[in-house]
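As a plain string of letters, each chain reads:
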Amino acid sequence: MHQLSHPKIQLGHWPTPLEPMLRINEMHKGPELWVKRDDCTGLAFGGNKTRKLEYLLADAQLRGATTLLTAGGVQSNHARQTAAAAARVGLGCELFLEQVEGISEADYSHSGNLLLDQLLGARLHRLPAGQDLDAAMALRAQTLSTSGQVPYVMPVGGSNAIGAMGYVDCGLELAQQLQQYQLSFDAIVLATGSAGTQAGLLAGLALAGIDIPVLGVTVSRSSDEQCQKVLALLHEVQGLLEQSELHEDHVICFDKYYGSAYGDPTPQMVEAVRLAASLEGLLLDPVYSGKAFAGLLDLVRHGYFDTSERVLFLHTGGAPGLFAYSECLSEP
Ligand SMILES: *Cc1c(COP(=O)(O)O)cnc(C)c1O
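First, a word on scope: everything that follows refers to the structure included in this document. (Residues numbered from 1 in each chain as written. Predicted model: local features only at pLDDT ≥ 70, side-chain atom pairs only at ≥ 80, totals over all residues. Heavy atoms only, no water.)

### Focus: the pairing of strand E10 (residues 310-315)
One face of the sheet, then the other: side chains in a regular strand alternate in exactly this way.
In step 1: With respect to burial, E10 is a largely interior element, five of its six residues being buried.
In step 2: Pairing of strand E2 (residues 32-37) with E10 involves six bridges; the strand directions are parallel. Directly across from Leu33, in E10, lies its bridge partner Val311.
In step 3: Alignment of strand E7 (residues 187-192) against E10, held across three bridges, turns out to be parallel. Bridge pairing in E10 links Ile188 to Leu312. (Buried < 20%, exposed > 50% of the residue type's maximum accessible area, 1.4 Å probe, protein only. Helix = DSSP H or I, 4+ residues; strand = E, 2+ residues; numbered from the N terminus. Pairing = 2+ DSSP bridges.)

The structure is reproduced here in structure tokens:
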């Protein structure tokens, strides 16, 4: 198996399980659906940011960082996992959290990830919607530097080339599981936002010599915009890996499933979250995995996959966000 030479620390429990969705498959009699449980990474309720943070924190430590800074929406899963990682290794953590429109203020602002951020000991900076989060972080980083600290600023979603290395790892891990279980997949479906997961996974699969299309379901952007974002990051990652570049047509995105905006609770998301929970005991989230799974179900129902195919859903985590959406998810 390939081992990446980039430095990382261990924060998660690996490998994450690979499981068939038996009851959903029985119901649909369509392509065989499986799930890779990256919601079970083991770090403070888990999720896809754990893999990225293993590389980002190693880099932060190499640079002598004393405080981590990162940004996201109020219910950011990345912010929560960053706070947990900082606690684990004894670094300070400051989170720049932007208000997201249209969600019940009471739940959204005190429950779910936001509550966990506080328990994990992060310092919170709450900003209104539409603020420049990068500028706010840069300003704060300057202040911290002046007072003798060493700030380490991570982008939204931890999605730079270093963070995306975590999903190169995931591609290699999956390749090993396929060999071990004598399994193959015809497609992988995941939620794509800041793009590190999709870009890293594509690079990792290519490194393992495995050609499986990775279909990204967007959570806030048109497929054109998202494909550009994934492709730009993929080129950077492949630069770091000194790997020959993939063709552009390997990057595929669907933009029909996020509703009107990031975090918009669509009826299809609610259906997908209820279905996965009630038939598989699987908790998806309202912003990412619930919408990606809604997209997968829609593609299945419209015959996008052949019934003889096998499709892998990458569960990227996010279930703490369910509590911030209790109003639209609970029974009337
Ligand atoms: C951040 C996140 C994603 C998207 O991953 P990106 O690397 O930002 O594209 C998907 N699912 C969940 C639960 C997330 O928190």
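Next, the rest of the story.
### A look at the sheet that holds strand E6 (residues 151-153)
In step 1: The parallel open sheet is built from four strands, whose spatial order is E5-E4-E3-E6. Strands with a single pairing partner mark the edges of an open sheet, and in this sheet they are strand E5 (123-127) and E6. Across the sheet, the mean angle from the axis of one strand to that of its neighbour is 20°, orientation sign disregarded.
In step 2: Sheet strands in contact with helix H5 (residues 112-119) are strand E4 (92-98) and E5, and its direction is about 145° off that of E5. (Axes fitted to C-alpha atoms, helices over the stretch in contact; angles between N-to-C directions. Contact = heavy atoms within 4.5 Å.)

### Some words on the site of the ligand
In step 1: In the region of the ligand, 17 residues are neighbours, and Lys49, Lys52, Ser194, Thr197 and Thr316 sit closest.
In step 2: Within the contact set of the ligand, an oxygen atom lies 3.0 Å away from a side-chain nitrogen or oxygen of Asn77.
In step 3: Between the ligand and Thr316 there is a distance of 2.6 Å, counted from a nitrogen atom to a side-chain nitrogen or oxygen.
In step 4: One can see that the ligand is located within the largest pocket.
In step 5: For the shell around the ligand, the elements supplying multiple residues, two or more each, are helix H2 (49-62), E7 and helix H8 (196-207).
In step 6: When grouped by side-chain class, the residues that make up the shell around the ligand number three nonpolar, eleven polar and three charged.
In step 7: Each of two domains, domain 1 (18-47 + 160-329) and domain 2 (49-158), supplies a minimum of three residues to the shell around the ligand. (Near = heavy atom within 4 Å. Polar contact = N/O pair within 3.5 Å; in protein donor to acceptor, adjacent residues only side chain to side chain. 1 Å grid on protein atoms, 1.4 Å probe; cavity = no way out; pocket = protein on both sides within 12 Å on 5 of 7 lines; lining within 4 Å. Sits in = over half its atoms within 2 Å of the grid points. Nonpolar A, V, L, I, M, F, W, Y, C, P; charged D, E, K, R; others polar. Domains from an automatic or database assignment.)

### Here's the deal with the sheet that holds strand E1 (residues 18-20)
In step 1: Spatially, six strands are ordered E1-E2-E10-E7-E8-E9 in an open sheet, and the strand pairing comes out mixed. A strand with exactly one partner marks an edge of an open sheet, and here the two such strands are E1 and strand E9 (251-254). Across the sheet, the mean angle from the axis of one strand to that of its neighbour is 30°, orientation sign disregarded.
In step 2: Helix-sheet contacts for helix H11 (residues 289-301) involve E2, E7, strand E8 (214-218), E9 and E10, and the interaxial angle to E10 is about 165°.

### Focus: the state of the cysteines
In step 1: Counted by the stated rule, this structure contains zero disulfides.
In step 2: For Cys40, which is in no disulfide, the shortest distance to another cysteine sulfur is to Cys170 and amounts to 13 Å.
In step 3: Taking the relative accessible area as the measure of exposure, Cys40 reaches 32% and is therefore partly exposed. (Disulfide = S-S within 2.5 Å.)

### Side note on the pairing of E2
In step 1: Of all six residues making up E2, five are buried, and the element is well covered by its neighbours.
In step 2: Summarising the sheet, E1 and E2 pair through three bridges and their orientation is antiparallel. Across the sheet, residue Glu19 finds its bridge partner in E2, namely Val35.

### Things to note about the layout of surface pockets
In step 1: The computed volume of the largest pocket comes to approximately 870 Å³.
In step 2: Lining the largest pocket are 48 residues, and of these Gly73, Val156, Arg221, Tyr262 and Tyr288 lie nearest its centre.
In step 3: Elements that contribute at least two residues to the lining of the largest pocket include exactly H2, strand E3 (67-73), helix H3 (77-89), helix H6 (133-146), E7, H8 and helix H9 (223-240).
In step 4: Classifying every residue of the lining of the largest pocket gives 14 nonpolar, 25 polar and nine charged.
In step 5: Of the residues that make up the lining of the largest pocket, three or more belong to each of domain 1 (18-47 + 160-329) and domain 2 (49-158). (Points joined across faces, edges and corners; volume = space filled by probe spheres on them.)

### Concerning the environment of Arg140
In step 1: With respect to the helices and strands, the residue Arg140 is situated in helix H6.
In step 2: Note: C-alpha distance between Arg140 and Glu94 (46 residues apart in sequence) is 9.2 Å.
In step 3: Residues within four places of Arg140 in sequence aside, it is in contact with Leu69, Glu94, Phe96, Arg123 and His125.
In step 4: Among the polar contacts made by the side chain of Arg140, one reaches the side chain of Glu94 at a distance of 2.7 Å.

### What to know about the side chain of Arg37
In step 1: Within the fold, Arg37 resides in strand E2.
In step 2: A polar side-chain atom of Arg37 sits 2.9 Å from a polar atom in the side chain of Asp39.

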